[in-house]
Amino acid sequence: MLRPYFSDIWRDETVRDKLSWYYNVLRDLKPAKFLICKQIPCDRDPRLMAEAELWNEHNALRPRFHDESKALREGELVAESDKKPEFSFLDVKVELLKRILRKCVFCEWRCKVDRVDGKRMGACHLDSTVRVSTFFLHQGEEPPLVDRHGSGTIFFTSCTFRCAFCQNWDISQDPGAGAPVSPGNLSLIIKSLRSEGAANINLVGGEPTPNLHVIMEALNLTSVNVPILWNSNMYLTPEAMQILADVVDIWLPDFKWGNDRCAVKYSRIVKYFDVVSRNHRMAHENGDMVIRHLVMPGHTECCTKPVLDWIAENCPHAMVNVMGQYRPEHLVAREPEKYREIARRPSTREIEEARGYADKLGIVWEPVS
């Protein structure tokens, strides 16, 4: 199936409806959410607050953020680019993440290690340093995310999963890959990508979650208007999701496994379905969304159909991409006898069955290729 041209995809009323906020930020008709956060004033210096006070302040400022976002969406409020309070809602988020980093619970492994001290590593094997493998205008994403010039994709190293078939294993399983970036460096990367025509800033990896502290600080240093795209395995904690939800303009989450047994066996991850479904639901309530489901060979009944059933019931406004490009990589390619059941590409029949099932459920989906 051929990729629609970017101009054609935005003529589709369903796509425009489901991705309306993202489209307006993409076209500079509305401000990105992180810019709105920067305009919500905080009366005190967040650096002087205790962690409990920071959470209270965060929870108190969220309703104002949502009110302003709604007013901007409905045209009842015009963005004020010169409105710069001394301390903002985004400052509170930055400071909260710095505190959490001292006892890290960004993801549901909840390692609680002091990543600033860096003497003991958690599941991501990262200290406080953030490393970027590469960044560029990516042409291979879904049509609405590519638009004219491409998605401004930033690949972070490391991951919270250990997928046996990972296609990006060279950066996801090597936390030392890439080059260190400061918040200032990352902000310059964001500005550079947007100036080159990036439709969005696509935060991916590996996995962006362990890098939240530097990502948020970089956004606080960024003034250019650009949609923020969260491209993730969605294994975040509720704490991390609360902080993140107000800055993401469009979510690009992965929902792979329909049960915990398959998740443990192939991704070495526990509590998968409960955690990921919870976060998909929260993301759906807080922004536009394109959900990716990768069709795994031999997993149509145990994973694909349960995942699509859940999405249809719980995320009715999301677009869904049923992806057929799985191929044996990483450990599966090296030890095919050990992973015999997934050591092949999905068949045409499996892909057609998955996409037909999504269509029957009334889920809008756009293939990558």
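Residues numbered from 1 in each chain as written. Predicted model: local features only at pLDDT ≥ 70, side-chain atom pairs only at ≥ 80, totals over all residues. Heavy atoms only, no water.

Engineer: Quick rundown of the packing of aromatic side chains? Include the residues and the values.
Structural biologist: Summed over all chains, the structure comprises 13 aromatic pairs. For the pair Trp-10 and Tyr-23, a centre-to-centre distance of 4.8 Å together with 55 degrees between the ring planes defines the contact as tilted. Taken together, the residues Trp-10 in the loop between helix H1 (6-9) and helix H2 (13-18) and Tyr-23 in helix H3 (residues 20-26) connect sequence positions 13 residues apart. The exposure classification of Trp-10 matches that of Tyr-23, with both residues buried. Ring plane angle 20 degrees and centroid distance 5.6 Å describe the contact between Trp-257 and Tyr-266, whose orientation is recorded as stacked. Ring-pair connections join several aromatic residues into one group, and the members of that group are Trp-109, Phe-161, Tyr-235, Phe-255, Tyr-272, Phe-273 and Trp-310. Between Arg-16 and the ring centre of Tyr-23, over which it is positioned, the NZ or CZ distance is 4.1 Å. The ring of Trp-169 is capped by Arg-334, whose NZ or CZ atom sits 5.0 Å from the centre of that ring. (Phe/Tyr/Trp six-rings, centres within 6.5 Å; stacked < 30°, edge-to-face > 60°. Helix = DSSP H or I, 4+ residues; strand = E, 2+ residues; numbered from the N terminus. Buried < 20%, exposed > 50% of the residue type's maximum accessible area, 1.4 Å probe, protein only. Lys NZ or Arg CZ within 6 Å of the ring centre and 35° of its normal.)

Engineer: An account of the state of the cysteines is needed here, citing residue identities and associated values.
Structural biologist: In this structure the tally under the stated criterion is zero disulfides. Here Cys-104 stays unpaired: no disulfide links it, and the sulfur of Cys-124, its closest cysteine neighbor, is 6.2 Å away. Its relative accessible area of 9% is what places Cys-104 among the buried residues. With no disulfide partner, Cys-163 has as its closest neighbouring cysteine sulfur the one in Cys-166, 6.2 Å distant. (Disulfide = S-S within 2.5 Å.)

Engineer: Tell me about the packing of helix H14 (residues 300-314) against helix H16 (residues 348-360), residues and numbers included.
Structural biologist: Orientation of H14 relative to H16, taken along the N-to-C sense of each, is 25 degrees, at an axis distance of 10 Å. In terms of orientation, H14 lies roughly parallel with respect to H16. For the crossing formed where H14 meets H16, the hand is right-handed. Here Thr-300, Glu-301, Thr-304, Lys-305, Leu-308 and Asp-309 of H14 lie close against H16, whose contacting residues are Glu-350, Glu-353, Ala-354, Tyr-357 and Ala-358. (Axes fitted to C-alpha atoms, helices over the stretch in contact; angles between N-to-C directions. Parallel < 35°, antiparallel > 145°, perpendicular 65-115°, else oblique. Left-handed = near helix turned anticlockwise from the far one by under 90°. Contact = heavy atoms within 4.5 Å.)

Engineer: Could you give an account of the nonpolar core, with specific residues and numbers?
Structural biologist: Counting 101 residues, the largest nonpolar core has Ile-154, Phe-165, Leu-212, Trp-230, Val-247, Trp-251 and Trp-257 as its most contacted members. For this core, the leading source of residues is helix H6 (residues 89-101), giving eight residues. Apart from the residues within four sequence positions on either side, Trp-251 is in contact with Trp-230, Met-234, Met-241, Leu-244, Ala-245, Ala-283, Asn-286, Gly-287, Asp-288, Met-289 and Val-290. Core analysis: the second largest hydrophobic core is formed by 14 residues, Leu-19, Tyr-22, Ala-199 and Leu-229 among them. (Core = buried A, V, L, I, M, F, W, Y, C linked by side-chain atoms within 4.5 Å.)

Engineer: Provide a residue-level description of the pairing of strand E2 (residues 151-156), including the pertinent values.
Structural biologist: For E2, a buried count of six out of six residues is recorded, marking the element as mostly surrounded by other parts of the structure. Neither face of E2 is open: one carries Ser-151, Thr-153 and Phe-155, the other Gly-152, Ile-154 and Phe-156, and all of them are buried. Sheet analysis places E2 next to strand E4 (residues 201-204), joined by four bridges and oriented parallel. Looking across to E4, one finds that Gly-152 is bridged to Ile-201. (Pairing = 2+ DSSP bridges.)

Engineer: Explain the side chain of Lys-33 to me, and be specific about the residues and the numbers.
Structural biologist: Of note, Lys-33 is situated in helix H4 (residues 33-37). Among the polar contacts listed, one links the side chain of Lys-33 to the backbone oxygen of Asn-286, at a separation of 3.0 Å. Sequence-distant contacts of Lys-33, that is, excluding residues within four places in its chain, are made with Trp-21, Phe-65, Asp-246, Val-247, Val-248, Asp-249, Asn-286 and Gly-287. (Polar contact = N/O pair within 3.5 Å; in protein donor to acceptor, adjacent residues only side chain to side chain.)

Engineer: So what about the sheet that holds strand E8 (residues 319-323)? Which residues, and what values?
Structural biologist: With respect to topology, eight strands assemble into an open sheet ordered E3-E1-E2-E4-E5-E6-E7-E8, the strand pairing being mixed. Every other strand in the sheet has two partners, leaving strand E3 (179-181) and E8 as the edge strands with one partner each. Across the sheet, the axes of successive neighbouring strands diverge by a mean angle of 30 degrees, strand direction being ignored. Against the sheet, H14 makes contact with strand E7 (288-294) and E8, and its axis sits at roughly 165 degrees relative to E7, the strand it touches most.

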